[in-house]
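Summary of the model geometry
Each chain is listed here by its residues.
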Amino acid sequence: MSDRDLKLGIFLQGGGGHWRDPAVAPDGAADIRTYIEAARVGDQAKLDFGFIADSAYISQDSTWPLLSRLEPMTALSAISSVTDHLGLVGTFTTSYSEPFTTARQLASLDKISGGRVGWNAVTSALEGVARNHGGQTLYDHAERYRIADEYIRVVKGLWNSWEDDAFVRDVAANRYVDFDKMHTLDHKGEYFGVQGPLNIERSAQGHPVVFQAGASEAGRDLAARQADAVFSTWTSHGDLASARENYVDWKRRAESYGRNPDHLLILPSITPIVGSTRAQAQEIYEESIRYDDINHALKYLSRYFSFYDFSRFDLDKPLPELGDIGANSFKSTAEYYLRTAKERNLTLRQLALEAANPPGEFVGTATDIADKLSDFFVGGAVDGVILGGTIANIRRFLDDVLPILEDRGLRSGDRTGTTLRENLGLPFPVNTHTRQRVGV
Ligand SMILES: Cc1cc2nc3c(=O)[nH]c(=O)nc-3n(C[C@H](O)[C@H](O)[C@H](O)COP(=O)(O)O)c2cc1C
């Protein structure tokens, strides 16, 4: 029996899978019913959270699920009213928005949902996002992370505007509020000036949980300073030894900022495909990639390089040396693709197809998948995973793999928490002003 508890999330975005797959709704990315179906599956299985990714730029080079998709805040608001337990994590950028608005909307959704909200704070890696927000060029990578750091500090500061017991609402005494427990931020920084206070009180979980998905040096450092949880890719973890190294690096960084490393959770994404036999699971995987084609795969790959034009290269030859293209985009992911192509002498076709359809790390029988997850969890390489793929495949995971994980004591089936923090085993964030006043 482990004293840790494996965390589980689920992608809500339109159900996952290829739009041409008969098991997938072709318009799922823009249809709230598909998100709600995934959320209900997660809610019933008492998963810890559902997640919606986002970005704010498309062109004819974008892949199909991005061309028309629901904005996370509005989608999560709808989902919150049809779920009871599931945490609701949405992506909101720190590069082209105002921290006051973000703090307010997230805090408001946190109240609506009874303290179930999480914020995936991203820095936006596509050049075109700048052009949709009054700019021409994207801030450079290092500056985006400096902005993000100040932005998150401002948002957290605003979330501390009111102490938990500030709103007295004593009808008999005609006393609505205790203004001694209201705090104005008065932030004047390098990038933002925000007076505050925020016009909404704290929620049942204090304030939303902060997630971060950057994996470069700057991204890791930001997560270590500011985040409660890290989203990562399974490929960046590799084998158990390198996944462990990666995990320890994140935890050490958190410690170096005076934090408890247990309060920074590492959660890679996986796409599990469970079969009655290994051969059957492999068949399901191969069927799922049958719908893909090289044009889609090239678009998928090039987005990580801010839509770099790979069409100038021969599809069936290894990529030439390309220097640091991607350094100002999804930096660590772009570096990973170039590195793996070089190390394994992949052709452009092979690289693109593999990027768009990551080789099935979790394709097998329920026991195979439970074994692999156990190895990585017990081996100290992950704190949990987010489940992606089609709803049919996720259901199979929940029916067949989850009971094994529970039987092995890796995850408790008894999930009584009502807030996202409770689901994730994170402590309640005592309001900074209350802490100063009572000296804790
Ligand atoms: C599971 C996961 C989810 C992500 N979701 C988003 C997202 O919704 N929007 C976005 O712009 N970037 C998203 N990213 C990308 C990261 O924010 C980041 O740009 C990328 O990991 C590269 O990090 P780096 O710039 O620190 O190298 C996600 C990454 C991962 C691993």
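The coordinates are above.
Please read all numbers here as calculations on a predicted model, not as lab measurements. Just so you know, the residues in each chain are numbered from 1, in the order the chain's sequence is written. This being a predicted model, a pLDDT of at least 70 is required before a residue's local features are given, and a value of 80 or more before pairs of side-chain atoms are given or counted; all residues contribute to the totals for chains, interfaces and linings. Excluded from the side-chain calculations are hydrogens and water; all other atoms, namely the structure's heavy atoms, are used.

Considering the site of the ligand
Applied cut-off: Consider each residue's heavy atoms; a residue with any of them within 4 Å of a molecule or strand counts as near. Polar contacts, as used here, are pairs of N or O atoms within 3.5 Å; protein pairs need one atom able to donate a hydrogen and one able to accept it. Residues neighboring in sequence count only if both atoms are side-chain atoms. Accessible surface area values rest on a Shrake-Rupley calculation with a 1.4 Å probe, where residue burial reflects the displayed protein chains alone. Numbered from the N terminus, helices here are DSSP runs of H or I no shorter than four residues, and strands are runs of E no shorter than two. For this classification, the nonpolar set comprises Ala, Val, Leu, Ile, Met, Phe, Trp, Tyr, Cys and Pro, the charged set comprises Asp, Glu, Lys and Arg, and every other residue, Gly included, is treated as polar. These domain limits were set by an automatic method or by a database of domain assignments.
The full set close to the ligand counts 20 residues, and Asp-54, Tyr-145, Ala-213, Ser-216 and Ser-332 are the nearest of them. The backbone of Asp-54 places a nitrogen or oxygen atom 2.7 Å from a nitrogen atom of the ligand. A distance of 3.0 Å separates an oxygen atom of the ligand from a polar backbone atom of Ala-215. Within the complex, the protein chains bury 90% of what would otherwise be the 620 Å² of accessible surface of the ligand. Put simply, the parts of the chain that give the shell around the ligand at least two residues each are β4 (117–122), α6 (141–159), β8 (229–233) and α11 (331–343). Taken together, the residues of the shell around the ligand break down into eight nonpolar, 10 polar and two charged. Composition of the shell around the ligand by domain shows at least three residues from each of domain 1 (7–271 + 365–438) and domain 2 (293–356).

Description of the environment of Ala-29
To keep things clear, this is the line we draw: Here, residues are in contact when the closest pair of their heavy atoms is within 4.5 Å.
Within the secondary structure layout, Ala-29 lies in the loop between β1 (7–11) and α1 (32–44). For Ala-29, the contacting residues outside a window of four places in its chain are Gly-14, Tyr-35, Pro-65, Ser-68, Arg-69 and Leu-70.

Quick notes on the packing of helix α13 (residues 366–378) against helix α14 (residues 391–407)
What counts, and what does not: Under this scheme, a helix contributes an axis fitted over its contacting stretch, all axes are lines through C-alpha atoms, and angles between N-to-C directions fall in the 0 to 180 degree range. Working definition: roughly parallel below 35 degrees, roughly antiparallel above 145 degrees, roughly perpendicular at 65 to 115 degrees, and oblique for all remaining angles. In this scheme the handedness of a crossing depends on how the near helix is turned from the far one: anticlockwise by less than a right angle means left-handed, clockwise means right-handed.
Between α13 and α14, the shortest axis-to-axis distance is 9 Å and the interhelical angle comes to 50 degrees. The angle between α13 and α14 falls in the class oblique. Relative to α14, α13 is oriented so that their crossing is right-handed. Residue-level contacts link Ala-366, Thr-367, Ile-369, Ala-370, Leu-373 and Ser-374 of α13 to Phe-397, Asp-400, Val-401, Ile-404 and Leu-405 of α14. Considering only residue class, the contact of α13 with α14 consists of eight nonpolar, two polar and one charged.

A short note on the nonpolar core
This is how it is decided: In this text, buried Ala, Val, Leu, Ile, Met, Phe, Trp, Tyr and Cys residues form a nonpolar core when linked through side-chain atoms within 4.5 Å. For every residue, the accessible area obtained with a 1.4 Å probe (protein chains only) is divided by the maximum for its type, and the residue is called buried under 20%, exposed over 50%, and partly exposed between those limits.
Within the largest apolar cluster, 71 residues are counted, with the highest numbers of intra-cluster contacts made by Leu-12, Ile-79, Trp-119, Trp-159 and Phe-397. With nine residues, α6 is the largest single contributor of residues to this core. For Ile-79, the residues in contact, after removing those within four places along its chain, are Leu-12, Ile-32, Tyr-35, Ile-36, Ala-39, Ile-52 and Leu-88. Judged by nonpolar contacts, the second largest core, of 21 residues, contains Leu-322, Ala-334, Leu-346 and Ala-356.

Brief notes about the side chain of Thr-347
Tracing the chain through its elements places Thr-347 in the loop between α11 and α12 (348–356). Overall, the relative accessible area of 13% leaves Thr-347 in the buried class. Excluding residues that lie within four positions of it along the chain, Thr-347 makes contacts with Leu-315, Asp-316, Lys-317 and Pro-318.

Points about the side chain of Thr-340
As for its position among the elements, Thr-340 is in helix α11. Under the relative-accessibility criterion, Thr-340 is labelled buried at 6%. One polar contact links Thr-340 to Arg-344, side chain to side chain, over a distance of 2.9 Å. In this structure, Thr-340 is in contact with Leu-346 and Leu-351, ignoring residues within four places of it in sequence.

Considering the pattern of salt bridges
Heads up, the rule is: Within this document, salt bridges are pairs made up of a side-chain nitrogen of Lys or Arg and a carboxyl oxygen of Asp or Glu, the two lying within 4 Å of each other.
Under the defined criterion, the tally for this structure stands at 32 salt bridges. Here Glu-287 makes a salt bridge to Arg-290, at a shortest N to O gap of 3.2 Å. Overall, the relative accessible area of 37% leaves Glu-287 in the partly exposed class. On the basis of relative accessibility, which here comes to 55%, the residue Arg-290 falls in the exposed class. For the salt bridge of Arg-396 with Asp-400, the shortest nitrogen-to-oxygen distance reads 3.1 Å. With Arg-396 and Asp-400 both in helix α14 and four residues apart, this pair spans about one turn of that helix. Asp-400 sits in the partly exposed class, given a relative accessible area of 28%.

A few points about the sheet that holds strand β9 (residues 265–270)
To be explicit about the condition: Strand pairing is defined by DSSP finding a minimum of two bridges between the two strands.
Overall, parallel pairing links the eight strands, which are arranged β1-β2-β3-β4-β7-β8-β9-β12 in a closed barrel. Put simply, the sheet's adjacent strands are angled 30 degrees from each other on average, direction ignored. Sheet topology note: the β4/strand β7 (residues 209–212) ladder contains four bridges and is parallel. Considered in β7, the bridge of Asn-120 is made with Phe-211.

Quick notes on the pairing of β7
Test applied: Crossovers are described as right-handed under a simple rule: with the strands pointing away from the observer, the path leading from the first strand over the helix to the second runs clockwise.
On β7, burial covers both faces: Val-209 and Phe-211 on one face and Val-210 and Gln-212 on the other are all buried. Handedness of the β7-helix α7 (residues 217–226)-β8 crossover: right-handed.

Considerations on the packing of aromatic side chains
To describe a pair of aromatic rings, one takes the distance between the centres and the angle between the planes. The condition that has to hold: Ring pairs are drawn from Phe, Tyr and Trp, using the six-membered ring of Trp, whenever the two centres fall within 6.5 Å, and their geometry is named by plane angle: stacked under 30 degrees, edge-to-face over 60, tilted for the rest. A ring is considered to have a charge above it if a Lys NZ or an Arg CZ atom is located within 6 Å of its centre and within 35 degrees of its normal.
Taken as a whole and judged by the stated rule, the model has 18 aromatic pairs. Between the aromatic rings of Tyr-96 and Tyr-139, the centroid separation amounts to 5.5 Å while the plane-to-plane angle is 10 degrees, which identifies the pairing as stacked. Of the two residues, Tyr-96 sits in the loop between β3 (87–93) and α4 (99–112) while Tyr-139 sits in the loop between α5 (127–131) and α6, which places them 43 residues apart along the sequence. An aromatic cluster is defined as three or more aromatic residues linked by ring pairs; in this entry it consists of Phe-11, Phe-49, Phe-51, Phe-211 and Phe-231. Note that Lys-372 overlies the ring of Phe-362, its terminal NZ or CZ placed 5.3 Å from the centroid.

Describing α12
Stated formally: Throughout, the arc means the angular range of directions from the helix axis out to the C-beta atoms.
Among all positions of α12, only Leu-348, Leu-351, Ala-352, Ala-355 and Ala-356 are buried. For α12, the arc enclosing every buried residue in end-on projection is 120 degrees, short of the 170-degree limit, so these residues lie on one face. Considering only its buried residues, α12 is in contact with α10 (294–303) and α11.

Here we look at α13
The condition that has to hold: Helices are assigned an expected span. That span is 1.5 Å times one less than the residue count.
Relative to the 18 Å expected for 13 residues at 1.5 Å per residue, α13 spans 18 Å between its end C-alpha atoms, a close match to the ideal helical length. By the burial criterion, the buried members of α13 are Ala-366, Ile-369, Ala-370, Leu-373, Ser-374, Phe-376 and Phe-377. The inward-facing, buried residues of α13 abut α8 (240–256), β10 (273–274), β11 (363–364), β12 (384–387) and α14. A positive phi of about 70 degrees marks Gly-380, the residue just after α13.

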